[in-house]
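# Notes for the structure review
Single-letter residue listing:
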Amino acid sequence: AILDDGLIEFCAVRKISRFVLPKLINVYKKGEHLTNKKFEKYFLYRQCRCVEVISDEEFDVTMDGENFKTKSLKVDRDALIHKTMQSEKAKTYVK
């Protein structure tokens, strides 16, 4: 991640069975998970200015070290920047 490029780093990980996971660990440890074909099926990575995820079931979210469950998530880069600059007034960067 480049901290001042104005982009959100979005990663979504699909369910991985406990039998497949050990085969992927070494690739992940080497930092090759963004480019290795083995990960395409399980891992989605994008850089974006806004991202919205809607699901019928709750899913886990980790954002800046905070973990929570939700059925919908919308993150907007401009709202994040505004939150950083005026944290009290911009509490709705996640819906």
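Note that this is a predicted model, so its numbers are computed, not measured.

### Focus on the pairing of strand E3 (residues 50-63)
In this structure, E3 lies alongside strand E4 (residues 66-76), joined through ten bridges in antiparallel fashion. If you follow Cys50 over to E4, its bridge partner there is Asp76. Linking two consecutive strands that pair antiparallel, namely E3 and E4, is a turn of two residues; a positive phi of about 50° is found at Asp64 within it.

### Topic: the environment of Ile54
Among the secondary structure elements, Ile54 is positioned in strand E3. When its relative accessible area of 65% is taken as the criterion, Ile54 is described as exposed. Here Ile54 is in contact with Lys71 and Ser72, once residues within four sequence places are set aside.

### Some remarks on the packing of aromatic side chains
On inspection of all chains with the given rule, the structure shows one aromatic pair. Aromatic side chains Phe39 and Phe43 sit 6.0 Å apart centroid to centroid with 90° between the ring planes, which places their arrangement in the edge-to-face category. Of the two residues, Phe39 and Phe43, neither departs from the other in class, the shared state being buried.

### A few points about the nonpolar core
Ile8, Phe10, Cys48, Val51, Phe59, Val61, Met63, Leu73 and Val75 together form the largest nonpolar core, which totals nine residues. Those elements that provide at least two residues to this core are strand E1 (8-13), E3 and E4. The element that contributes the greatest number of residues to this core is E3, accounting for four residues. Formed by five residues, the second largest nonpolar core is a distinct cluster that contains Leu24, Phe39, Tyr42 and Phe43.

### Some thoughts on the side chain of His33
You can see His33 is positioned in the loop between helix H1 (21-29) and strand E2 (43-48). Assessed through its relative accessible area of 17%, His33 is described here as buried.

Definitions and limits used
Residues numbered from 1 in each chain as written. Predicted model: local features only at pLDDT ≥ 70, side-chain atom pairs only at ≥ 80, totals over all residues. Heavy atoms only, no water. Pairing = 2+ DSSP bridges. Helix = DSSP H or I, 4+ residues; strand = E, 2+ residues; numbered from the N terminus. Buried < 20%, exposed > 50% of the residue type's maximum accessible area, 1.4 Å probe, protein only. Contact = heavy atoms within 4.5 Å. Phe/Tyr/Trp six-rings, centres within 6.5 Å; stacked < 30°, edge-to-face > 60°. Core = buried A, V, L, I, M, F, W, Y, C linked by side-chain atoms within 4.5 Å.

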